[in-house]
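Close look at the chain arrangement
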Amino acid sequence: MSKLNSKQIVPLAAITLAIIFLIVGITDLGFWDDSNGPMPGFFPVIMGIIMIIASLLALYQSKSETKATYRAEDFLVILGAALLIAASFLIGLIPSALLYVVLWLKIIEKETWLTTFKVLLVIGTIVIGVFVLWLEVPFPKGIIGEVIGGWLH
Amino acid sequence: MDNLMLLLDGFHTVLTLQNVLVVAIGAILGLVVGAMPGIGSLAGVALLLPLTYKFNPTTAIIMLGSLYYANMYGGSFSAILLNIPGDNPAVMTALDGYPMATQKGRPGQALFTANLSSFIGGTIGMLILTFIGPQLANVGLKFGPAEMTAILLIAMTSISWLVGENPTKGIMITMLGILIACVGMDTLSGSPRYEFGNMWLLGGIPFTPFVIGTVGFSQVMKLMKDRYKVVESEFMNKRLTIKGSMLTRSDVKRLLPPALRSGFLGTFVGVLPGAGATTGAFMGYGVQKAFKNKEPLGTGALEGVAACEAANNAAAAGAFAPLLALGIPGSGTGAVLLGGLLMWGLTPGPLLFQNESEFAWGLIASLFVANIITLAIALMVIPFLIKILTVKVKYMIPCITVICIVGSYSTSNSMYGVLVMFFAGILGYLLYKNEYPTAPMLLAFVLSPLLESSMRKTFIISGGSVSIFFEKPISLVLLICLAAIVATPIVRSIIKWVRQANHKKIHMS
């Protein structure tokens, strides 16, 4: 049997998801009630059935499709964003975001400090000017930010 | 005449200093983001959505309208100067725009033609919208739950079944959008559903972070392959000026007939579900071929640029008619716009023009204002366009990532929004890599609650019988349309198969 690739994994994942929605819809939520008509599971169950049929067809068609190719560096974006999100719990979201821009440009792109500073200035102005000062979004300060805030008070 | 009076009231709502400034900001941002390489109108509108949170609902909606509309202008710039279409409708603009700029040596005039034609097409589209929008809403008022279910099925099927290479994948992805939208609370009873004991999931999947992830964050991953691409342009060292870009009297004479014709054609294409600005641009260009042109199309003819640019902006304006009057967007960008309107408590649909008249006419009037302001700004940015268009992708990657994360936090005020954006981005990237279109998923996600409540109400009325759809004349006609839409790709593949079989037979004999 040939190895599965993502062209098959996507419809298989869709079938799994639809089955979960189908089972929960029928068993927990209910499909039809004689006096009240359609129950909360009615609509998702019907859509789940259609999704299973479409996914099975997509699975069948995937045999004749060429394999999807992935570039390792595309996943650097996911890794970088994951680290940014994780760091935000420690040092806060805005410092993490700005640090991320610096590290990305220095480590991944090997840019000069001058270019890094220019890009940081542009994105920093947008983020702080628009989101912090104008929209007044209460961004998380992180554990360290909270401690420093506590000292200052 | 009533409509014109109501439109004047709309102008009264829009023409405050704050609103005009907001339209101008929306126009500048929409234009710049629309022109930037690799972003496109769908991701552009999604990324700019958080900016509307600062305003009151009317102003926020006005800003959304101008963002959406200005994005339509931006796509043509890179098509003309770099031969890289900024969005799908601009593919046709590149055919004549780029040769006009390079071979004919008239880059400024090509840009001016695109801007002026976009303005003319958009104005025609908005004028027609002023009259047909409320008429369409009157038709919509006759719709009960059965008719609403049928029209929503048409809207979803037309985009998932007809748009894209593979109808099966379109249907699958539509269903995925619907199931994701089912998470949270049941639309009719309000009881929890598919939350799997999770407090965050109980509130459902938030719209803005989901859209920012699916189209914005996934776009960053797609951009990685282009990060070292060097954008070459022969205009890099030349300075384009506004004065040097002016059209001659003879140019304007050549521009007007195709722009007016495509303006009308594009509007009607835009009103049809599933056929948006791209179809409008293709049809506008196709029709122009049948008319006399001073230069052959494809060799840098001004008429070619005018025809497709007027058609795509007219289609973008025309698409507002079903969006406002029936609550049905014709494209992924329209779905994002609809989501934004719903977020602001405005429910597009047949009752909109009656119950939320100020909103509806304010939005339509804001499109007129946005059209004028965008034209002015689009002309003023001509000298700076090369700088905007040649921003290096490698600098945009960390910047867009940060905007995605900060923007999704700002719309939900919680890290849950950021996580939704993050996972939706990975989903969007996987779907792209496996050739699944994301626009049907967004459309389904937005329309799912309305489809579910209409469908359930229909079955409550009929006691579970599907015959209700065939008993009412409007829903019967709509179902016939639905059947025709479903049959189209099937018939097309049968014809293709028969042709191939005949071809083989001829070769064999």
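Note that this is a predicted model, so its numbers are computed, not measured.

1. Considering the confidence of the model for chain A
Predicted confidence across chain A gives a mean pLDDT of 92, with 98% of residues reaching 70 or more. The spread of mean pLDDT over the elements of chain A runs between helix α6 (residues 142-152) of chain A, the lowest at 82, and helix α4 (residues 93-108) of chain A, the highest at 96.

2. Comments concerning the interface of chain A and chain B
Across the boundary between the two partners, chain A contributes 70 residues, which contact 64 residues of chain B. Of the roughly 5800 Å² buried at the junction of chain A and chain B (both faces included), carbon and sulfur atoms supply 77%. Ranking the residues of chain A by area buried against chain B places F21, F43 and W134 of chain A at the top, with a combined share of 12%. Inspection of the region where chain A meets chain B yields five salt bridges. A salt bridge links R227 of chain B to E73 of chain A, with the shortest nitrogen-to-oxygen separation between them at 2.8 Å. For the pair chain A and chain B, the number of links is 18 residue pairs in polar contact (both at pLDDT 80 or more). Mapped onto the side of chain A that touches chain B, the elements with two or more residues apiece are α1 (6-29), α2 (42-62), α3 (74-91), α4 and α5 (113-134) of chain A.

3. Quick look at the packing of aromatic side chains
Applying the stated criterion to the full structure yields 20 aromatic pairs over all chains. Consider the rings of F31 of chain A and F42 of chain A, whose centres lie 5.1 Å apart with planes at 45 degrees: the pair is tilted. Separated by eleven residues along the polypeptide, F31 of chain A in the loop between α1 and β1 (32-33) and F42 of chain A in helix α2 bring together distant segments of the chain. F42 of chain A gets classed as buried once you look at its relative accessible area, which sits at 5%. Pairing Y70 of chain A with Y429 of chain B gives two aromatic rings, centres 6.2 Å apart and planes at 55 degrees, and the pair type is tilted. Residue Y70 of chain A is located in the loop between α2 and α3, and its partner Y429 of chain B is located in helix α20 (residues 415-433); the two belong to separate chains. Judged by relative accessible area, which is 31%, Y70 of chain A ranks as partly exposed. Among the residues examined, Y429 of chain B registers a relative accessible area of 1% and is labelled buried. Grouped by ring-pair contacts, the aromatic residues F31, W32 and F42 of chain A together with F459 and F469 of chain B constitute a single cluster. When the ring centre of Y432 of chain B is taken as origin, the NZ or CZ atom of K222 of chain B, which lies over that ring, is 4.6 Å away.

4. Notes on the UniProt feature "transmembrane region" (unreviewed entry) in chain A
The sites that UniProt annotates as "transmembrane region" (unreviewed entry) are residues 12-32, 38-60, 72-105 and 117-135 of chain A. Along residues 117-135 of chain A, the helical share is 95% and the strand share 0%, with 24 Å between the first and last C-alpha atoms.

5. Remarks on the side chain of E111 of chain A
Following the sequence through the fold, E111 of chain A ends up in the loop between α4 and α5. A residue is classified by how much of its surface remains accessible, and E111 of chain A, at 10% relative accessible area, is buried. Polar contacts involving the side chain of E111 of chain A include one to the side chain of Y395 of chain B, which spans 3.3 Å. Those residues in contact with E111 of chain A that lie beyond four places of it in its chain are L105, K106 and T116 of chain A together with K394 and Y395 of chain B.

6. Here's the deal with the domain arrangement of chain A
Annotation of chain A at the domain level lists domain 1 (6-62) and domain 2 (74-152). The C-alpha centroid of domain 2 of chain A is placed 41 Å from the C-alpha centroid of domain 1 of chain A.

7. A few points about the pattern of salt bridges
All names here are of chain B. Enumeration according to the criterion identifies 17 salt bridges over all chains in this entry. In this structure, the salt-bridge partner of E295 is R254, at a minimum N-O distance of 2.5 Å. Of this pair, E295 sits in the loop between α12 (277-289) and α13 (302-318) while R254 sits in helix α11 (residues 249-271), and the two are 41 residues apart along the sequence. Neither residue differs from the other here; E295 and R254 are each classed as buried. In this structure, R456 and E452 form a salt bridge, with 2.8 Å as the shortest nitrogen-oxygen distance. Of this pair, R456 and E452 both sit in helix α21 (residues 439-462), four residues apart, roughly one helical turn. Pair check on accessibility: R456 and E452 agree, each one buried.

Calculation rules
- Residues numbered from 1 in each chain as written.
- Chains lettered and ligands numbered in written order.
- Predicted model: local features only at pLDDT ≥ 70, side-chain atom pairs only at ≥ 80, totals over all residues.
- Heavy atoms only, no water.
- pLDDT = per-residue confidence, 0-100.
- Helix = DSSP H or I, 4+ residues; strand = E, 2+ residues; numbered from the N terminus.
- Contact = heavy atoms within 4.5 Å.
- Buried area = accessible area lost by both parts, 1.4 Å probe.
- Salt bridge = Lys/Arg side-chain N within 4 Å of Asp/Glu carboxyl O.
- Polar contact = N/O pair within 3.5 Å; in protein donor to acceptor, adjacent residues only side chain to side chain.
- Phe/Tyr/Trp six-rings, centres within 6.5 Å; stacked < 30°, edge-to-face > 60°.
- Buried < 20%, exposed > 50% of the residue type's maximum accessible area, 1.4 Å probe, protein only.
- Lys NZ or Arg CZ within 6 Å of the ring centre and 35° of its normal.
- UniProt positions renumbered as here; feature names shortened; annotations may be inferred.
- Domains from an automatic or database assignment.

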